[in-house]
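# Fold and contact review
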Amino acid sequence: MIGDGTSGVERSVERTLGHLRVLDGSDEQEEQTQAPLTLEDLYRKQQMRMVRLAILLVDDPATAEDVVQEAFTGLYRNWSQLRDSKAAVGYLRTAVVNGSRSVLRRRKTAREYQPPHQPDARSAESLAMLSSEHQAIVAALGHLPRRQREVLVLRYYGNMSESEIAEATGVSKGTVKSTASRALEALQKQLGNA
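Okay, so let's go over this structure.

Rules used in this analysis
- Residues numbered from 1 in each chain as written.
- Predicted model: local features only at pLDDT ≥ 70, side-chain atom pairs only at ≥ 80, totals over all residues.
- Heavy atoms only, no water.
- Helix = DSSP H or I, 4+ residues; strand = E, 2+ residues; numbered from the N terminus.
- Buried < 20%, exposed > 50% of the residue type's maximum accessible area, 1.4 Å probe, protein only.
- Contact = heavy atoms within 4.5 Å.
- Areas by Shrake-Rupley, 256 points an atom, 1.4 Å probe, with all protein chains shown as cover.
- Arc of directions from axis to C-beta.

## Concerning the overall build of the protein chain
For the protein chain, the count of helices and strands is 10 helices and 0 strands. Counting from the amino terminus, helix and strand elements in the protein chain follow one another as α-α-α-α-α-α-α-α-α-α. Taken over 194 residues, the protein chain has a buried fraction of 41%. Summarising the internal contacts of the protein chain: among those between residues at least 6 apart in sequence, 73% fall at separations of at least 24. In the structure as shown, the protein chain presents an accessible area of about 10,900 Å², 49% of it carried by carbon and sulfur atoms.

## Details of unusual backbone geometry
Although it is not a glycine, Asp 59 adopts a positive phi angle of roughly 60°. By relative accessible area, Asp 59 is classed as partly exposed at 27%.

## Observations regarding helix 9 (residues 162-169)
Inspection of helix 9 places Ile 165, Ala 166, Ala 168 and Thr 169 among the buried residues, and these make up the whole buried set. Along helix 9, the residues classed as buried sweep out an arc of 165° about the axis, all on the same side. Of the residues one or two after helix 9, Gly 170 is the one with positive phi, at around 80°.

## As for the environment of Arg 52
Along the chain, Arg 52 turns up in helix 3 (residues 39-58). Between the alpha carbons of Arg 52 and Leu 20 there is a distance of 8.8 Å; along the sequence they are 32 residues apart.

Next up, the structure:
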């Protein structure tokens, strides 16, 4: 169970990533009741949201765009095999998470041969829209281990349930819960909230 101090961090993370979700202008209920009928419709409705999800995971806009483009390319190749168009959004989320993991693995390998370099890849516009508290939380998210960052981003930015996160990341629901708890504790330590 998460302690009282951690719940403050959880609320801050939820507010920050929820704020970013609202800035995206996405309406989860509309998404569920009105599924895109074509791949083109899906691209128009989901492309920017998937890019922002990937940016939160890989922390680089150009790489995030590449990850999302690959996800849509894979969806295009498998479009006729989908059971229904509502399944496409889940396919995309999973493809973006997996593509982001691949990027991070490649980065880790590349860092072994080059000095580490972490540019601040967020746009000035996105940072200007965030308060200093939100900026600190987004920066702290970048220091979390990959799985912890994924779980928090999918939970609070992706607005996904534990079951949906488990499906998207390929881990059990219990692992999602414990990972979220550890991530929030790590954020609490990083942000100095005692």
